[in-house]
2 protein chains.
Amino acid sequence: MKLKRGIFHFNKDIFVSGFAAVAGEKEAAGPLRGKFDEIFKGKLFGEKSYEKAESKMQSFAVKKAMEKADVTAKEVDAIFAGDILNQCISTNYGLRELNIPFLGLYGACSTMAESILMACIFLDSGHVKTTISVTSSHFCAAERQFRFPLEYGGQRPLTSQWTATAAGALVLKTAKTSSNIIVRAAVAGKIVDYGVKDINNMGAAMAPAAADTIERFFKETNTLSTDYDLILTGDLGAVGSMLLRDLMDKKGYPLKGRHNDCGIMLYDKAEQDVHSGGSGPGCSAAVLCADILEQLKNKQLRKVIFVATGALMSIITNQQGETIPSVAHLVYFEKMD
Amino acid sequence: MKLKRGIFHFNKDIFVSGFAAVAGEKEAAGPLRGKFDEIFKGKLFGEKSYEKAESKMQSFAVKKAMEKADVTAKEVDAIFAGDILNQCISTNYGLRELNIPFLGLYGACSTMAESILMACIFLDSGHVKTTISVTSSHFCAAERQFRFPLEYGGQRPLTSQWTATAAGALVLKTAKTSSNIIVRAAVAGKIVDYGVKDINNMGAAMAPAAADTIERFFKETNTLSTDYDLILTGDLGAVGSMLLRDLMDKKGYPLKGRHNDCGIMLYDKAEQDVHSGGSGPGCSAAVLCADILEQLKNKQLRKVIFVATGALMSIITNQQGETIPSVAHLVYFEKMD
């Protein structure tokens, strides 16, 4: 087998066995209303802090995905997870009671694709049979960590995105499951930095990483956007999506109406005042698990490329005048008959 | 093959192909003096911030390990890396120019073992042939992020540990290499929380995670500490090491003089005033790559269990009164004739 660097075609059939998505009230009132497994009301969900609230949401998503996949925590061989809070605390605290071998990741908003990619390699290696991939984000926890205290009421520029209060979890298995959705391939992203410095325009910083990863996949598989039903990016939002389509045109791989973006899909642009769209690891995780996998299950979609993008900066690097490096990991889902 | 949950015995021979360790002046003046590939003098290493200095160190370690393994960046199929700065910036910025498929991890001070475990599963799956595992830490960057500005001159209690200014990088291959050091097995840790809240006593918080992982490995492999030359923990320091040995006695798997700890090995207890010992992801990475792998290469050691431990809290969780969950990942190295 000739290896294509960073492109993984799985030898085993890796089945989507169960998936769950949870969201806050704002997210659950958007275009995907009625599709979430649980709606968390208010901001704290009965917890004492936003961070603990996010942990609760992530934990709930995992338990719900296990329930829907009909597996217990004891049957899960490994869990792949991370989030964007400092030291990934929503993950570390949210999952600590599960007693499942734990592999922590940091991919910023690319975490859902990274965690699925990781799980697939582990499953394909034969060392595990059942895995969970999960991530989350919480608007209030992210806002006070990355931007301003909520009470400050900072104004957001039109290029900025709204961190989704949401989580998504996915159970994968090498044993055949009735969903008949198979993860066929994945691409590990490279760090890409086009020199964008504006932390209120993450979409622009991340679009080049998405373009790089999608181009690599098309080239190596000798396919085009028209070979797929949907090319779904993580959370480029409106501005980043426009840039991605431009970049793909220039690379000679136009997306030709096959592209959509989780950050655009999650909120109602006219009604919900989120400017350029949604963001946060929970955004793409929740859109994937609430909507896209359901559409695959129901054969409304057959071939979906999921590309979650992450901006790899911190407040400190921004204050030090640094540009924003980004990464985009890709996972390819196929629905079988 | 019966799967043992979270315990991975690799089917392929996974060879240590090259390794490099770099350190700051204090670390290079300790018991491991003369063993580092490069000593970084001062605190900033010609950069404008501690964070950029750490990135430089991590990048240097990777390049040196590639040079010693005689591989170019183009020949590396994937790099597994992370650190403890918020959003893993030393990694994201340190590695951005390499153009290698990048998989970001967050395991706090357990990162070196986690990154080796990940690389081994990828190698064992056949999807990659050459990988790099790397991590780093910098005393000044960590201190101002987790504790106080350096200028404040905060007093450190005797149970506290000193974040090492150091980095270690390791090239692994499935092709045979002259070192003849093989990674035979690995164990993915579970999140363990014994209720310790004192962030100036990380060793105590992490010891139960190390004990859990080591016990699982001994049980599943039906071995005892006496079957190995060295059981090397990441950075439990003096206090945590004592607790680990007590816990292992109680579990019926006494370590019987086979145990040492990177946090203890890196500094001179009498001369260097680091209290309970070293810590930080760079501590265990540098001790492994400066000393232990060299001893394996020279047949001074034959069978080494490397268990890096990570405390999974943040400043925020500590301020919110939370306990400190921990994780410990294990990697087993064997020197062949």
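Please refer to the structure placed before this passage.
This report concerns the structure included in the present document. (Residues numbered from 1 in each chain as written. Chains lettered and ligands numbered in written order. Predicted model: local features only at pLDDT ≥ 70, side-chain atom pairs only at ≥ 80, totals over all residues. Heavy atoms only, no water.)

## A word on the overall build of chain A
The cut-off we apply is this: A helix here means a DSSP run of H or I that spans at least four residues, while a strand means a run of E at least two residues long, and both kinds are numbered starting from the N terminus. Computation of the radius of gyration draws on C-alpha atoms, with the globule rule given as 2.2 Å multiplied by the number of residues to the power 0.38. Each residue is placed in one exposure class: buried if its accessible area under a 1.4 Å probe, protein chains only, is under 20% of its type's maximum, exposed if it is over 50%, and partly exposed if it falls in between. Here, residues are in contact when the closest pair of their heavy atoms is within 4.5 Å. Accessible areas in this description were obtained via Shrake-Rupley with a 1.4 Å probe; residue shielding takes into account the shown protein chains only. Charge assignment: positive for Lys and Arg, negative for Asp and Glu; neither His nor the chain ends contribute. A charged residue contributes its charge at one atom only: NZ of Lys, CZ of Arg, CG of Asp or CD of Glu.
If you tally the helices and strands in chain A, you get 11 helices and 13 strands. Computed over its C-alpha atoms, the radius of gyration of chain A comes to 18 Å, within 12% of the 20 Å expected for a compact globule of 337 residues. Within chain A, the fraction of its 337 residues that count as buried is 67%. A separation of at least 24 residues holds for 78% of the contacts in chain A among residues at least 6 apart in sequence. Approximately 11300 Å² of chain A is accessible, and the part contributed by carbon and sulfur atoms is 49%. For chain A, the separation between the mean place of its 39 positive charges and that of its 37 negative charges on side chains is 3 Å.

## Brief notes about the side chain of Thr317(B)
Stated formally: Here a polar contact means two N or O atoms within 3.5 Å. Within protein one must be a hydrogen donor candidate and the other an acceptor candidate, and residues neighboring in sequence count only if both atoms are side-chain atoms.
By the secondary structure assignment, Thr317(B) is in helix α11 (residues 315–319). Residue classification places Thr317(B) among the buried residues on the basis of a relative accessible area of 4%. In this structure the side chain of Thr317(B) is engaged in a polar contact, spanning 3.1 Å, whose partner is the side chain of Tyr93(A). A polar contact of 2.9 Å, which involves the side chain of Thr317(B), links it to the backbone nitrogen of Ser314(B). Once you skip the residues sitting within four places of it in the chain, Thr317(B) turns out to touch Ile89(A), Tyr93(A) and Glu322(B).

## What about the packing of helix α4 (residues 111–125) of chain A against helix α10 (residues 281–297) of chain A?
Where we set the bar: In this analysis an axis means a line fitted to C-alpha atoms, helices contributing only their contacting stretch, and an angle means the value between N-to-C directions, from 0 to 180 degrees.
Remark: α4(A) packs on α10(A), axes separated minimally by 8 Å, with the N-to-C direction vectors making an angle of 65°. Judged by residue contacts, Thr111(A), Met112(A) and Ile116(A) of α4(A) engage Pro281(A), Ser284(A), Ala285(A), Leu288(A) and Cys289(A) from α10(A).

## Brief notes about the relation of the copies chain B and chain A
Note the following rule: Least squares is the method for superposing the copies, and the C-alpha atoms it fits come from residues with pLDDT of at least 70 in both.
Structural alignment of chain B on chain A gives an RMSD of 0.0 Å, achieved by rotating through 180° and translating 0.0 Å along the axis. The transformation relating the two chain copies, once decomposed into turn and shift, fits a two-fold axis. Looking at the interface residues of chain B, 100% of them are also at the interface in chain A, so both copies use one shared face.

## Quick look at the pairing of strand β9 (residues 230–233) of chain B
All names here are of chain B. Stated precisely, the cut-off is as follows: Strands are labelled as partners when DSSP assigns at least two bridges between them. Every crossover in which the path from the first strand over the helix to the second runs clockwise, viewed with the strands pointing away from the viewer, is termed right-handed.
The alternating pattern of β9 places Leu230 and Leu232 and Ile231 and Thr233 on opposite faces, both of which are buried. Where β9 lies against strand β12 (residues 303–311), four bridges are found, and the strand directions are parallel. From the neighbouring strand, Thr233 faces β12, where its bridge partner is Val307. Remark: the β9/helix α7 (residues 237–251)/strand β10 (residues 259–261) crossover connection has right-handed handedness.

## A short note on α10(A)
Residues and elements named next belong to chain A. For clarity, the threshold we go by: Expected helix span is taken as 1.5 Å per residue step, with the number of steps being one fewer than the number of residues. In this analysis the local bend is the angle between axes fitted, respectively, to the seven residues ending at and the seven residues starting at the residue.
With 17 residues, α10 extends 23 Å from end C-alpha to end C-alpha; this agrees with the ideal 24 Å at 1.5 Å per step. In α10, a bend of some 40° at Leu288 exceeds every other bend along the element. Burial runs high along α10: 14 of the 17 residues are buried. One or two residues past the end of α10 sits Lys299, with phi positive at roughly 60°.

## Some thoughts on unusual backbone geometry
Phi is positive for Asn99(A), close to 60°, though the residue is something other than glycine. The class of Asn99(A) is partly exposed, set by a relative accessible area of 43%. Of note, Asn222(B) is a non-glycine position whose phi angle comes to about 55°, a positive value. Within the element layout of this structure, Asn222(B) appears in the loop between α6 (202–221) and β9.

## Side note on the environment of Ala210(B)
Residue and element names in this part refer to chain B. Assignment of secondary structure puts Ala210 in helix α6. The exposure class of Ala210 is buried, given its relative accessible area of 0%. Measuring from C-alpha to C-alpha, the distance between Ala210 and Gly234 comes to 9.0 Å, with 24 residues separating the pair along the chain. Those residues in contact with Ala210 that sit more than four places away from it in its chain are Thr233, Leu236, Leu244, Val307, Thr309 and Ala328.

## Observations concerning helix α6 (residues 202–221) of chain A
Helical periodicity: at 3.6 residues per turn, an α-helix aligns residues three or four positions apart in one direction. Residues and elements named next belong to chain A. A rise of 1.5 Å per residue sets the reference length of α6, with its 20 residues, at 28 Å; its end C-alpha atoms lie 29 Å apart and thus fit the reference within 8%. In terms of burial, α6 is a largely internal element, 17 of the 20 residues being buried. Downstream of α6 by one or two residues, Asn222 has phi in the positive range, about 55°.

## Looking at the interface of chain B and chain A
As a reminder, the rule being used: Summed over both partners, the accessible area lost on bringing two parts together, with a 1.4 Å probe, is the buried area. Each salt bridge in this description consists of a side-chain nitrogen of Lys or Arg and a carboxyl oxygen of Asp or Glu lying within 4 Å of one another.
In this complex, chain B contributes 66 residues to the contact, which on the side of chain A involves 66 residues. Each partner contributes to the roughly 5500 Å² buried at the junction of chain B and chain A, and carbon and sulfur atoms together form 59% of this total. Sorting the residues of chain B by area buried against chain A places Arg5(B), Gln87(B) and His127(B) first, and these three jointly supply 15% of that buried surface. Our count for the contact surface shared by chain B and chain A stands at six salt bridges. At the junction of chain B with chain A, the criterion picks out 38 residue pairs in polar contact (both at pLDDT 80 or more).

## Structural notes on the state of the cysteines
Residue and element names in this part refer to chain B. The test is simple: Whenever a pair of cysteine sulfur atoms sits within 2.5 Å, that pair is classed as a disulfide.
Counted under the stated rule, the structure contains zero disulfides over all chains. No disulfide involves Cys120; its nearest neighbouring cysteine sulfur is the one of Cys289, lying 13 Å away. The closest cysteine sulfur to the non-disulfide-bonded Cys283 is located on Cys262, 5.7 Å from its own sulfur.

## What to know about the packing of aromatic side chains
Two aromatic rings are characterised by how far apart their centres lie and by the angle between their planes. Basically, it comes down to this: Side-chain rings of Phe, Tyr and Trp, where Trp is taken by its six-membered ring, are said to pair if the distance between their centres is within 6.5 Å; with planes under 30 degrees apart they count as stacked, over 60 as edge-to-face, and otherwise as tilted. Should the NZ of a Lys or the CZ of an Arg lie within 6 Å of a ring centre and within 35 degrees of the ring normal, that charge is described as sitting over the ring.
All chains considered together, the criterion is met by 22 aromatic pairs over all chains. Measuring from ring centre to ring centre gives 5.5 Å for Phe40(B) and Phe60(B), while their planes differ by 90°; the resulting arrangement is edge-to-face. Here Phe40(B), found in strand β2 (residues 38–40), pairs with Phe60(B), found in helix α2 (residues 50–69); they are 20 residues apart in sequence, far enough to count as distant. On the basis of an interplanar angle of 20° and a centroid distance of 6.0 Å, the ring pair of Phe218(B) and Tyr228(B) is categorised as stacked. A residue pair is termed long-range when its members are at least 10 positions apart, and Phe218(B) in helix α6 and Tyr228(B) in the loop between α6 and β9 qualify at 10 residues. Of the residues examined, Phe218(B) reaches a relative accessible area of 1% and is grouped as buried. For Tyr228(B), a relative accessible area of 4% translates into the label buried. Linked through ring pairs, Phe217(A), Phe218(A), Tyr228(A), Tyr253(A) and Tyr332(A) together constitute an aromatic cluster. The aromatic ring of Trp162(A) is capped on one face by Lys26(A), whose charged end is 4.2 Å from the ring centroid.

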